[in-house]
Amino acid sequence: MNLRARLTGEPLALAGLVLFLILLPSLATAFFVNFVMTQTLILGLAAATIVFLSRYGGMTSLAQLLMFGIAGFMFGNAALDGGARGLNLGWHPWAAVGFAIVVTTLAAVVLGAIASRTTGIYFLMLTLVYGVIGYFVFAQIVEISGPGGITSIQRPDLLGPPVRLYYAGLLLSVLAYVGFRALRRTAFGLALQGVRDDPVRMASLGFNVPLHRTLAFVLAGFVAGLAGLLNVWWNGQIDPASISIGPTLILLIIAVIGGISSLEGAWLGAFVYVLVFTYLRDLPLVDRIGITEARFNTVIGVIVLAIMVLSPEGLTGIARRLPVRTIRKELGGTRA
Amino acid sequence: MSRQRRRASLALSVTAGLALLAAGCGGGDDDSTGLPADQESAGGGDGSPAGGDEGIRLGILGQCEGPFGGFHEDVVAGTTLALAQFAGATPNSSTSALEGFSGAEVAGTPIELVGIGCGDDTADRIVQEVRRLVEQLGANVIIGPLSGDEGIAIAEYAKANPEITVFAGISGSQEQTLQVQAPNYFRFYGDGAIWSAGLGDLLHNQEGWDTVAVIADDYSFGHTSAAGFIADFCAVGGDVVSRVFPPLGTTDYSSYIAQLPNPDEVDGYFWAVGGTGTQAALEAFVNGKGDLTGDQHAGNLFFNPNLAQALGTGIAGAYVGGFATLPGDVQTPEIEEYLAAADATWETIPGSLSGNEPAPPSVAAAFGFFYGYYTAGVALVESLEAVGGDISDLDAYHAAISDLTLDLPYGEISLDENRSGIVDVGLSRLVLDDAGDVVQETVAIVPGVDQTFGGTFSPDTPSPGRDFPACEERDLPWVGNAIPVVDGVPQG
């Protein structure tokens, strides 16, 4: 019965949360919605692809921010018209969206196919190499990245008002969450989890292990690309530093803070990260103890360290354990 | 169980659909969903109109992290000094500018510091910082940012948010004014190319250089700094025979030095290699091409007397481009008054030039980072005086800023049609003093330099890069107008 209660309770709570987020623009300040929450949804969406690969495919990827960046750069190159930066193809914004997604997905196919034969630490290292190479590709081939980044990137008219970008982020986040959850119970999802747990046995059963890994990587790359598009619309610009090693690690850290084994943790981790960077400095006296803006990464580091020690499943792990403990305590109390 | 899951998925799908509906149906002809969060305007955070009656809500954008993180104190102090000198501001601390100030007022309009943004030399971060200042804290005037790519991003932000007014800090990229052309973005200082102006004229016509090799950092500031020199040197008839661009952060420059022509094949070298790279690159030159003969070298602002500590006095004789202020040998009454005002405002500040240790404020004030933010602060004060403290009519306020001519300690500054500074550039030379030490001595002031270089750079030309600009002769308005400086005294 407990299991049943949880099964119905969790999705309903999430549905309530989504409803709350839909109503949020009527309740909260513009800054909170358009800055804090929109950024949370974008980073959460990107981090969710790390969680997806890790949880269902057993692959911890550091290449997701590269996919995010490729989509942003490609959109900028395709959509901008005139000016000193990028290819300036001057396409219709939605054609540019299609172009960005296609290029990102193709890149994911190639990179995923190469990485599909590695696992564990080797997969992590290889995707780290992807991230570093990707950074240098955009930093050195200035024709597609600026030089110094692509600026003045405009949103398509449909997403003109900032609050619509928030809703777009919310919609894509919900779709990605539902989609990833649903995928888990499809034949592909089940096989992917089999590949995660025992690739040798799956191969001997006739499953194409590298293909499953590649497809999962492609799907994750596609979703990360969508997040990358939202990001350039939100930020208005992208430059090679946006996808350098620092931000790459930040995205992984976001996934770890939320809990790398739970999809919803990606958004939770992003929320915590954005909150720290936005509001920590507003706390009274916080600068008196040496926590100035320059040390926010240290604070994030301490949070990650605490989470790794206290709850390897991240904040969602803590959240999940809390009610159970409370219930147990109550039960213990009545028994005593 | 699966039915329940399906129901849960349905619930999520329905809410997702609602989200789409809410996002989609809100849009009317006015392109707005009418929600509170749907305000693009500045000051949307507290719902108050920017530039209303409540006065100036100032945000300063600095860099507390990254390669210029050490200048955070300097730049905030620059603006604070201007407000202390001309708007009656009192710093909240006598040993740091980062504590803010109080009591600033111009023509009855109070100036309140709402926040200091903390950049890390990336455009992404500075955009987030400015959004925090404007959208959360309600800033209606921004002073900053500090570095090149940040300037472009902030100019774009200003263009998208016409309710705010931005006075650029010391960001040196050309495009922020030349290409972005935001009507509410004002730069009261030069750019990376401007600071190299006049050097080519001097080297070609006075020192007799006909050919030069250029070595510059392979990123926007290196390109821009080199572009200014190339435009200037080629305009007067010189020829650039080689351009080498080592990546930023290179530590072993030997392979790049090898690409340069030998000292007997070229009249001289122009260096725009910054940070720790300046010394490393010159050391690699000594190893690869033989001893330094200062007469054969020129550099941008990264050349300074400290190079002699590692390289020896051979560097003496090298010419150095300008950077907002003038070397310490020039002491006019205006400069003395400015430096004294800095020393009177704080006891000490931990600026970058003193290694972020407490030092007399005039140490920081004499350098370009501090001074750029100072000019922005003076521009804010004088523009408010020009409109009687009333900025309710932003167009009139912006027009008044565009018309300003600031009479500043290191020379007069006015704005061109793109609201970028027309400035005087101080050229200097590393020389041996009587004690045999290398010091920096001002040799000339090039008046009235603007960022177009007689048409070399325009809104239609590419950004300065590895191949741009090409080497072409053309008329520059300042050629032959340089004012010689002898023993720290401008002649004329």
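Conventions adopted
- Residues numbered from 1 in each chain as written.
- Chains lettered and ligands numbered in written order.
- Predicted model: local features only at pLDDT ≥ 70, side-chain atom pairs only at ≥ 80, totals over all residues.
- Pairing = 2+ DSSP bridges.
- Helix = DSSP H or I, 4+ residues; strand = E, 2+ residues; numbered from the N terminus.
- Contact = placed C-beta atoms within 7 Å.
- Axes fitted to C-alpha atoms, helices over the stretch in contact; angles between N-to-C directions.
- Parallel < 35°, antiparallel > 145°, perpendicular 65-115°, else oblique.
- Left-handed = near helix turned anticlockwise from the far one by under 90°.
- Nonpolar A, V, L, I, M, F, W, Y, C, P; charged D, E, K, R; others polar.
- UniProt positions renumbered as here; feature names shortened; annotations may be inferred.
- Buried ≥ 20, exposed ≤ 12 C-beta atoms within 10 Å, placed from the backbone.
- Domains from an automatic or database assignment.

### Here's the deal with the pairing of strand 14 (residues 405-408) of chain B
Residues and elements named next belong to chain B. As judged from the four bridges shared by strand 14 and strand 15 (residues 411-415), these two strands associate in the antiparallel manner. Looking across to strand 15, one finds that Asp407 is bridged to Glu412. The antiparallel pairing of strand 14 with strand 15 creates a hairpin that spans two residues between the two strands.

### A word on the sheet that holds strand 1 (residues 56-63) of chain B
All names here are of chain B. Pairing in this open sheet of six strands is mixed, and the strands run 4-5-1-6-7-8 from one edge to the other. Every interior strand has two partners, whereas the edge strands, strand 4 (104-106) and strand 8 (185-186), have only one. In the sheet, strand 6 (residues 141-143) pairs with strand 7 (residues 165-167) via three bridges, with the strands oriented parallel. Its bridge partner lying in strand 7, Ile143 is registered against Phe167. Sheet strands touched by helix 13 (residues 368-386): strand 4, strand 5 (109-119), strand 6, strand 7 and strand 8. Its angle to strand 6, the strand with the most contacts, is close to 155°.

### As for the packing of helix 2 (residues 30-57) of chain A against helix 11 (residues 263-279) of chain A
All names here are of chain A. Viewed as axis vectors pointing N to C, helix 2 and helix 11 meet at an angle of 140°, and their least axial separation amounts to 7 Å. Of the possible angle classes, the one that applies to helix 2 and helix 11 is oblique. Considering how the two elements wind past one another, helix 2 and helix 11 form a crossing that is right-handed. Between helix 2 and helix 11, the contacting residues are Val36, Gln39, Thr40, Leu41, Leu43, Gly44, Ala47, Ala48, Val51 and Phe52 on the first element and Leu263, Gly265, Ala266, Trp267, Gly269, Ala270, Phe271, Tyr273, Val274 and Thr278 on the second. Class assignment for the residues of the contact of helix 2 with helix 11 results in 14 nonpolar, six polar and no charged.

### Notes on the UniProt feature "transmembrane region" (unreviewed entry) in chain A
Residues and elements named next belong to chain A. When the UniProt feature table is mapped onto this chain numbering, "transmembrane region" (unreviewed entry) sits at residues 40-58, 65-82, 94-114, 121-142, 165-183, 214-234, 240-260 and 298-319. Taken end to end, residues 65-82 is 83% helix and 0% strand, and its first and last C-alpha atoms sit 27 Å apart. Between the first and last C-alpha atoms of residues 240-260 the distance is 26 Å; the span itself is 67% helix and 0% strand.

### Here's the deal with unusual backbone geometry
Residues and elements named next belong to chain B. Cis geometry marks the peptide bond from Gly144 to Pro145; its omega dihedral reads 5°. With respect to the element layout, Pro145 can be found in the loop between strand 6 and helix 4 (148-160). Phi is positive for Gln181, close to 55°, though the residue is something other than glycine. Inspection of the secondary structure assignment puts Gln181 in the loop between helix 5 (175-178) and strand 8. Its identity is not glycine, yet Ala324 carries a phi of approximately 65°, on the positive side. According to the C-beta neighbour criterion, Ala324 is buried, with 27 such atoms within 10 Å.

### Side note on the domain arrangement of chain B
Residues and elements named next belong to chain B. Taken as a whole, chain B is organised into domain 1 (56-190 + 331-419) and domain 2 (194-323 + 424-490). The centre of domain 1, based on its C-alpha atoms, is set 28 Å off from the matching centre of domain 2. At the junction of the two partners, domain 1 supplies 16 residues and domain 2 supplies 17 residues. Breaking the side of domain 1 that touches domain 2 down by element, the ones donating at least two residues are helix 4 and helix 5. Looking at the side of domain 1 that touches domain 2 element by element, the count peaks at three residues for helix 5.

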